[in-house]
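# Secondary and tertiary structure notes
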Amino acid sequence: SCTLIIDNKEITVPEGTTILEAAKKVSINIPTLCNHPDQQVKANCRICLVQVGPDKLVTACSTPVKDGMNVITHSKLVRDTQRGVLELILANHPQDCLKCIRNGKCELQKLCEMFHISKSNLEDEIDSLEVDESSPAIIRDHRKCIKCNRCIEVCQEVQGVGVLSHAHRSVDYCITPAFEKKLMNTLCVFCGQCTSVCPVGAIYEKDDTEKIWHALYDENLHVIVQIAPAVRVSIGEEFGFDPGTKVTGKVIAALRRLGFDKVFDTNFTADLTIMEEGHELIDRIKNGGTLPMITSCSPGWINYIEGFYPDLLDHISTCKSPQQMFGALSKTYYAEKMNIDPSQIFTVSIMPCTAKKYEAERKEMSSYGYRDVDAVLTTRELARMIKSASIDFANINEEDFDDPFGITTGAAVIFGATGGVMEAALRTVYEVVTDNELESLDFTEVRGIEGIKEAEVDLNGTPIKVAVAHGLSNARKVLELIKQGKCDYTFIEVMCCPGGCIGGGGQPIGSTTEVKEKRIEGIYDIDKNMKLRKSHENPAIRKLYEEFLGEPLGKISHKILHTHYSP
Ligand code: HC1
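Quick caveat: nothing in here was measured; it's all calculated off a predicted structure.

All right, on to the overall build of the protein chain then. Secondary structure assignment for the protein chain yields 19 helices and 19 strands. Its C-alpha radius of gyration of 25 Å places the protein chain within 12% of the 24 Å reference for a compact globule of 567 residues. For the protein chain, the C-alpha atoms occupy an extent of roughly 80 × 55 × 50 Å along the three principal directions. Looking at the protein chain as a whole, 50% of its 567 residues are labelled buried.

If you want it as structure tokens, here you go:
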């Protein structure tokens, strides 16, 4: 261990601890911009410069402590230097905070406030790079980039996609896709993890809120909305609640206040997905279909396998995602039931995910000529709409979902956490195949934050091995096993984002591992307290089959609930 002094406080910490970490232990916060709790140390921004001894300056995030070190985090030298570095960053950053999507949540803005910098005194050197608006999911505003490299790390290391990287040197140094291509012309999967770690407004979700206001004010439209499983345990963070707090009833009430005609639950079609996907698995096992079968509900994951492993697309379940199944039902079953022309129904999704915006626009995603889903808002965008309508979210009384897509099960809500789709499927597949009731519904082996998880289940004397992967670099490992013929799994769940949808790229800013774990806890807590916990026991799903679909994998299901992705 090492004993050192930080601002006159003596502290003993293990060898290898950085000055930044040691300072935190004695409640001294050193300002940083590129440092992120879930990422490697970078020392790129140079804001965290502190004084060691009489006049030496070092970066606190990358300098390990030494025995007898004397660190000063507050002195004229430190403050002037940190201020100077900040002014240099600001000199190359558009100062249009009021128009910026990250206004109020920008780490650079917070530092400027801390240092009382309202405008850079240096010459404005902002280049006139074009904003990349080519994708339906993610916008890149290069001018705002502070070159912290967080987006590169998440894109390359966590997701293994590697679309974002470095180019040029010196004053021309920038972060960009290779050959400065637009995102839409790269293999970007639109997971939005880059938008989640960006400290400023340089890369962000495409804002579709205006589209929604338009639809809500259009008297000729019947505007309905679905809420994804993961949103209910995260959106509260935007209004002062702790991560993981269940605010489902408040979101429903807020959506009604915004003017949506009906408020439904994506969990309903998560239950439906289990019915269809569970039967598809049973069918593939019985009839020699392609195995392992892999889940298809995470659109960033679909983009990834299409881009990087197109030869393995047959392994993907043909089920559309719950978001798209909901959309398909909204323009068919629901339209018929309500006697509304499908062309007058405008279907909105609230998703934790930026890739869902892209999924909704895919050419495959329509039913009888109508788009399944007309617009997708991320959790962050919905929070902005609620704020801009002056809705007192914290104090609003809870309300319930509307019928016929309001009754759901615990199996559906756990879709929002890594391992949840697998667990939900096993609850149903086991009971359908064996005709026995499960003694315990909790498949704990597939829960938790570990990158790849495995379990084995005995289906009437046939043991099957299953796996769960989240984060695309973990998914890649599983795909490599399949490619090399070394995979003995029958069924695999893949979720694009680390942690599953609760860690989606459209979730409130600040999705650290600690926050994600709290959201996951919230999800399993909802499941535990639900009366119904198995999809095949959902009475509203049974009614849907009786009234409209017939049976799982039936003719109508094939027409509107299933699809095919081709290379
Ligand atoms: Fe998800 Fe899904 S769980 S993909 O993570 O299968 O986004 O929440 O809505 O569609 O249900 C996202 C979440 C979501 C779908 C479901």
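Bringing the domain arrangement of the protein chain into the picture now. The domain boundaries assigned to the protein chain delineate domain 1 (2–90), domain 2 (127–205) and domain 3 (210–560). When each unit is reduced to the centre of its C-alpha atoms, the spacing between domain 2 and domain 3 is 28 Å. Opposite the 17 residues of domain 2 that make contact, domain 3 presents 25 residues. Secondary structure elements with two or more residues in the side of domain 2 that touches domain 3: α4 (150–158) and α5 (193–197). Considering each element in turn, the side of domain 2 that touches domain 3 owes the most residues, three residues, to α5. Class assignment of the residues belonging to the side of domain 2 that touches domain 3 gives a composition of nine nonpolar, six polar and two charged.

Strand order in the open sheet made by the four strands is β11-β10-β13-β16, with parallel pairing throughout. The sheet is open, and its two borders are formed by β11 (262–265) and β16 (375–378), each paired with just one other strand. Shown here is a sheet whose adjacent strand axes are inclined to one another by a mean of 25°, direction ignored. Those strands touched by helix α6 (residues 209–217) are β10 (222–227), β13 (345–351) and β16, and its axis lies near 125° from that of β16. Together, β10 and β13 form the strand contacts of helix α10 (residues 322–330), whose direction differs from that of β13 by roughly 165°.

Turning next to helix α13 (residues 379–388). Note: α-helices contain 3.6 residues per turn, so residues at a spacing of three or four share the same orientation. Looking at α13, one finds that the buried residues are T379, R380, E381, L382, A383 and I386. If you follow the buried residues of α13, they end up packed against β9 (203–205), α6, α7 (248–258), β13 and β16. Where α13 ends, the next residue or the one after it, S390, has phi of about 55°, a positive value.

Taken together, 19 residues are adjacent to the ligand, and A228, A230, C297, C353 and C501 come closest. Elements with a minimum of two residues in the shell around the ligand: α8 (266–287) and α10. When grouped by side-chain class, the residues that make up the shell around the ligand number 11 nonpolar, seven polar and one charged.

A separate point is the sheet that holds strand β19 (residues 491–495). One open sheet accounts for four strands, arranged β12-β19-β18-β17; its pairing is mixed. Taken across any chain shown, the strands that pair with only one partner, and hence form the sheet edges, are β12 (293–294) and β17 (452–459). Where strand β18 (residues 462–470) meets β19, five bridges bridge the pair, whose relative direction is parallel. Directly across from A469, in β19, lies its bridge partner V494.

Over its 22 residues, α8 runs 31 Å from end to end, which matches the ideal 32 Å to within 8%, given 1.5 Å per residue. Summarising burial for α8: 16 of the 22 residues are buried, a large majority. Following α8 by one or two positions, G288 has its phi on the positive side, about 70°.

On to the nonpolar core. In terms of nonpolar packing, the biggest core is built from 155 residues, with C151, V225, I492, C496 and I523 touching the most fellow members. If we skip the residues at most four places from it in the chain, C496 touches V189, C191, S298, G300, W301, Y304, A355 and L472.

Contact geometry for α8 and α10: axes closest at 8 Å, N-to-C directions at 105°. Taken together, the axis directions place α8 and α10 in an arrangement best described as roughly perpendicular. In this structure, α8 contributes T266, T269, A270, L272 and T273 to the contact, and α10 contributes P322, Q323, M325, F326 and L329. Counted by class, the contact of α8 with α10 contains six nonpolar, four polar and no charged residues.

Right, let's get into the confidence of the model for the protein chain. When pLDDT drops low, the exact placement of atoms in the prediction is not to be read closely. Across the protein chain, pLDDT averages 96, with 98% of residues at or above 70. Per the prediction output, this complex has pTM 0.96; the corresponding ipTM is 0.95.

Our focus in this paragraph is the packing of α8 against helix α15 (residues 420–434). Axis separation between α8 and α15 bottoms out at 9 Å; the angle between their running directions is 55°. As summarised for this structure, α8 and α15 are arranged oblique, according to the angle between their axes. Judged by the sense of rotation from one axis to the other, the crossing of α8 with α15 is right-handed. Contacts between α8 and α15 involve I274, E277, G278, L281 and I282 from the former and A424, A425, T428, V429, V432 and V433 from the latter. Classifying every residue of the contact of α8 with α15 gives eight nonpolar, two polar and one charged.

Glancing now at the environment of T245. By the secondary structure assignment, T245 is in the loop between β10 and α7. Put simply, T245 and S390 are 145 residues apart on the chain and 21 Å apart in space, counted from C-alpha to C-alpha. Setting aside its immediate chain neighbours within four residues, T245 contacts V233, G236 and G522.

Turning our eyes to something else, we now look at unusual backbone geometry. Trans peptide bonds make up most of the peptide bonds, and negative phi angles are found at most residues other than glycine. Omega for the bond connecting L291 with P292 falls within 30 degrees of zero, at -5°, which places this linkage in the cis form. Along the chain, P292 turns up in the loop between α8 and β12. Residue P404 follows D403 across a cis peptide bond; omega there is 10°. Looking at where P404 falls in the secondary structure, it is placed in the loop between α13 and α14 (410–413). One non-glycine residue with positive phi stands out, namely R46, at about 65°. Its location among the elements puts R46 in the loop between α1 (19–25) and β3 (49–52). You can call R46 partly exposed: it has 19 C-beta atoms within 10 Å. For N149, which is not a glycine, the phi torsion comes out positive at approximately 80°.

Let us now look at the environment of V223. By the secondary structure assignment, V223 is in strand β10. Counting along the chain gives 40 residues from V223 to V263, while the straight-line C-alpha distance between them is 9.2 Å. Leaving out residues up to four positions away in the same chain, V223 has contacts with A215, L216, F260, D261, F346 and V348.

With five bridges connecting them, strand β1 (residues 2–6) and strand β2 (residues 9–13) associate as antiparallel partners. By the bridge assignment for β2, C2 is matched with V13. Counted along the chain from β1 to the antiparallel partner β2, the turn is two residues long, and its residue D7 has a positive phi close to 45°.

What counts and what doesn't
- Residues numbered from 1 in each chain as written.
- Predicted model: local features only at pLDDT ≥ 70, side-chain atom pairs only at ≥ 80, totals over all residues.
- Helix = DSSP H or I, 4+ residues; strand = E, 2+ residues; numbered from the N terminus.
- Rg over C-alpha atoms; globule rule 2.2 N^0.38 Å.
- Buried ≥ 20, exposed ≤ 12 C-beta atoms within 10 Å, placed from the backbone.
- Domains from an automatic or database assignment.
- Contact = placed C-beta atoms within 7 Å.
- Nonpolar A, V, L, I, M, F, W, Y, C, P; charged D, E, K, R; others polar.
- Pairing = 2+ DSSP bridges.
- Axes fitted to C-alpha atoms, helices over the stretch in contact; angles between N-to-C directions.
- Near = placed C-beta within 6 Å.
- Expected span 1.5 Å × (residues − 1).
- Core = buried A, V, L, I, M, F, W, Y, C linked by C-beta atoms within 7 Å.
- Parallel < 35°, antiparallel > 145°, perpendicular 65-115°, else oblique.
- pLDDT = per-residue confidence, 0-100.
- Left-handed = near helix turned anticlockwise from the far one by under 90°.

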